[in-house]
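# A look at the structure
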Amino acid sequence: MMKLKLAACVLGATLLAPLAVQADNHQHSGEKALIMLNSDSLMTQGMAMVLGNAMQGQGVHVDVLLCDAAADLALQDTTSELLKPNDVTPEQLMMRLQQNGATISVCALYLPNSGNTQEALRDGVEVAAPPAMAEKMMEENTRVFTF
């Protein structure tokens, strides 16, 4: 009976070892996340940025693509309501992502269809080029999250 339990433990450890290695690799840099944010919901925008900052904190390179109403976060004039529990705005969380290395872009359709110009964007915010963004989305080590 003791040999059977020992064999079961060894077999279990052998089967779980690859999962432990995979979990450990998740902490390594080189992984990328692309957050595509379209929602006009303040809480959705905030949560997308909270998760982006959490991923960044785990060593993942994060980029953000803003489109539709969410692209208003990229405007210098945008000041959203504070979100509890930390009393921060989605744009403050977005700028923290940017300060830590994230690229923030608005979709190519945003400026010509919103009546805004590139001068209205916050410092460092880019206009995404569709071919480059499509390439980024298809990179093997990039996970795409949409909100």
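The structure under discussion appears in the preceding block.
Let me begin by describing the structure that accompanies this report. Bear in mind the structure is a predicted one, so any value in this text is a computation, not a measurement.

In this section: the overall build of the protein chain. Each helix and strand in the protein chain was counted, giving 5 helices and 5 strands. Tracing the protein chain from N to C terminus, the helices and strands come up as α-β-α-β-α-β-α-β-α-β. Within the protein chain, buried positions represent 34% of all 147 residues. Contacts spanning at least 24 positions in sequence make up 69% of the contacts within the protein chain whose residues lie at least 6 apart.

A probe matching the size of a water molecule, rolled over the atoms, marks out where space remains unfilled. What the largest pocket holds in volume is close to 230 Å³. Taken together, 13 residues line the largest pocket, and the ones lying closest to its centre are Val 50, Lys 84, Pro 85, Val 88 and Leu 93. Mapped by element, the contributors of at least two residues to the lining of the largest pocket are helix 2 (42-57) and helix 3 (90-99). Per-element accounting of the lining of the largest pocket gives the leading share, 5 residues, to helix 2. Its residues placed into classes, the lining of the largest pocket shows 7 nonpolar, 3 polar and 3 charged.

A word on the pattern of salt bridges. Applying the stated criterion to the full structure yields 3 salt bridges. Asp 63 is the salt-bridge partner of Lys 136, the closest N and O atoms lying 3.1 Å from each other. Taken together, the residues span a long stretch of sequence, with Lys 136 in helix 5 (residues 130-138) and Asp 63 in strand 2 (residues 61-66) at a distance of 73 residues. Taking relative accessible area as the criterion, Lys 136 reaches 23% and is therefore assigned partly exposed. Asp 63 sits in the buried class, given a relative accessible area of 6%.

With that settled, consider the environment of Val 64. With respect to the secondary-structure elements, Val 64 resides in strand 2. Contacts of Val 64, omitting those with residues within four sequence positions, involve Leu 34, Ile 35, Met 49, Leu 97, Thr 103, Ile 104 and Ser 105.

If you look at the biggest cluster of nonpolar residues, it comprises 33 residues, and the most contacted ones within it are Met 49, Val 62, Val 64, Leu 66 and Val 106. Looking at this core, the elements with two or more residues in it are strand 1 (32-37), helix 2, strand 2, helix 3, strand 3 (103-106) and helix 4 (110-114). Examining the composition of this core, we find that 5 residues originate from one element, strand 1, more than from any other.

It is worth spelling out helix 3 at this point. In an α-helix there are 3.6 residues to a turn, and that puts residues three or four apart on one side. Residues of helix 3 that are buried include every one of Pro 90, Glu 91, Leu 93, Met 94 and Leu 97, and no others. Along the axis of helix 3, the buried positions cluster into a sector of 160°, meaning they face one direction only. Summarising the contacts, the buried residues of helix 3 are in contact with helix 2, strand 2 and strand 3. Of the residues trailing helix 3, Gly 101 is marked for its positive phi of about 110°.

Scoring rules and cut-offs
Residues numbered from 1 in each chain as written. Predicted model: local features only at pLDDT ≥ 70, side-chain atom pairs only at ≥ 80, totals over all residues. Heavy atoms only, no water. Helix = DSSP H or I, 4+ residues; strand = E, 2+ residues; numbered from the N terminus. Buried < 20%, exposed > 50% of the residue type's maximum accessible area, 1.4 Å probe, protein only. Contact = heavy atoms within 4.5 Å. 1 Å grid on protein atoms, 1.4 Å probe; cavity = no way out; pocket = protein on both sides within 12 Å on 5 of 7 lines; lining within 4 Å. Points joined across faces, edges and corners; volume = space filled by probe spheres on them. Nonpolar A, V, L, I, M, F, W, Y, C, P; charged D, E, K, R; others polar. Salt bridge = Lys/Arg side-chain N within 4 Å of Asp/Glu carboxyl O. Core = buried A, V, L, I, M, F, W, Y, C linked by side-chain atoms within 4.5 Å. Arc of directions from axis to C-beta.

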